[in-house]
Amino acid sequence: MLLLTIFTACGQNKKEATSPFKFLEAVDIFRSHVADSLKYLIPILDSVLESDQKYRYGSMNDETLTNFKLHNKEVISIDSTNTIKVSAILDRYGWLGKKDIGIMESQAIFFVIQHADSATQEKYLPLIRKAVMDKKENPHHLTMLEDRVSLRKNKYQIYGTQVIYEYRNKKYYLLPLIDPENVIKRRKSIGLDSISFQLYLNKFHIKWSFESYKRDLPEVQEFLLKSKTHLR
């Protein structure tokens, strides 16, 4: 049986810091301007971020992915608990961007929804769409969530943020795309520049071209048919 894991890039090298997101706190110019009514959320969301990234943070390599798989039951439990916490926040305050709640804290909100069940993702997708339109949220975050929802519903992604790791080949592949020839045009339409796509794929050592995507697609579809995959 092939072993496959669907992942998105969330971290950096574990050796860079004991607490991987503390450097964001040091450079966060928004944190000190959070409204008094929201300041109580800062320690809650900081804790949520640390737990969400406990087994996800790190270089995209065999060690990180294997560690994630070994602790999958704990990851599912953490994600469930965090989804309850973040859903309560969003239901009360709406989508909170970095200017509302700080960089680390807004990252926590996004990561939790990105890693939530499909019903939760679809519930809050309109909120992040509006937040991007209002310049409150990074459009890259929207592309990641849109792709998660689209893959679960339609088996194809829209913006090219979701990849699959094939353990046998020790290689990442781009998951199936709707209208792949126009993926960069779609990304530009929501505010991402043309080079952002390749810069993102560089994290997975993927070189984008329609020809290589088309060449790899039958193999990727075969992987998906033969293997158990999960979107976490």
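For the structure given in this document, a descriptive report is provided here.

Criteria and thresholds
- Residues numbered from 1 in each chain as written.
- Predicted model: local features only at pLDDT ≥ 70, side-chain atom pairs only at ≥ 80, totals over all residues.
- Heavy atoms only, no water.
- Helix = DSSP H or I, 4+ residues; strand = E, 2+ residues; numbered from the N terminus.
- Buried < 20%, exposed > 50% of the residue type's maximum accessible area, 1.4 Å probe, protein only.
- Contact = heavy atoms within 4.5 Å.
- Core = buried A, V, L, I, M, F, W, Y, C linked by side-chain atoms within 4.5 Å.
- Expected span 1.5 Å × (residues − 1).
- Pairing = 2+ DSSP bridges.
- Salt bridge = Lys/Arg side-chain N within 4 Å of Asp/Glu carboxyl O.
- Axes fitted to C-alpha atoms, helices over the stretch in contact; angles between N-to-C directions.
- Parallel < 35°, antiparallel > 145°, perpendicular 65-115°, else oblique.
- Left-handed = near helix turned anticlockwise from the far one by under 90°.
- Nonpolar A, V, L, I, M, F, W, Y, C, P; charged D, E, K, R; others polar.

Another aspect to go through is the overall build of the protein. Per the secondary structure count, the protein includes eleven helices and three strands. The buried share of the protein, reckoned over its 232 residues, is 52%. Sequence-distant contacts in the protein: of pairs separated by 6 or more residues, those separated by 24 or more amount to 69%.

Turning our eyes to something else, we now look at the nonpolar core. Counting 48 residues, the largest nonpolar core has Leu45, Val86, Trp95, Ile101, Ile128, Leu174 and Trp208 as the members making the most contacts within it. The element that contributes the greatest number of residues to this core is helix α6 (residues 103–114), accounting for seven residues. Grouped together as the second largest cluster of nonpolar side chains are six residues, Leu151, Tyr173, Val220 and Phe223 included.

For the rest of this paragraph, the subject is α6. Taking 1.5 Å per residue as the helical rise, α6 with its twelve residues ought to reach 16 Å, and the 16 Å between its terminal C-alpha atoms agrees with that figure. Here α6 lies mainly inside the structure; eleven of its twelve residues are buried. Along α6, the residues classified as buried are Met104, Glu105, Ser106, Gln107, Ala108, Ile109, Phe110, Phe111, Val112, Ile113 and Gln114.

With that settled, consider the pairing of strand β3 (residues 171–174). Summarising the sheet, strand β2 (residues 163–166) and β3 pair through four bridges and their orientation is antiparallel. Within the sheet, the bridge partner assigned to isoleucine 164 lies in β3 and is tyrosine 173.

Scanning all chains against the criterion turns up 14 salt bridges. The salt bridge partner of aspartate 216 is arginine 215, with a shortest N-O separation of 3.3 Å. Classification of arginine 215 as exposed rests on a relative accessible area of 57%. A single network of salt bridges, built from pairs that share partners, joins Arg31, Asp46 and Glu105.

Below, the discussion takes up the packing of helix α4 (residues 72–93) against helix α7 (residues 118–133). Close contact between α4 and α7 brings their axes to 12 Å; oriented N to C, the two are set at 30 degrees. Here α4 is positioned roughly parallel relative to α7, judged by the angle of their axes. In this structure, α4 meets α7 at a crossing whose hand is left-handed. Only Thr120, Lys123, Tyr124 and Leu127 of α7 make contact with α4, whose side of the interface consists of Thr83, Ser87, Leu90 and Asp91. Partitioned by chemical class, the residues of the contact of α4 with α7 number three nonpolar, three polar and two charged.

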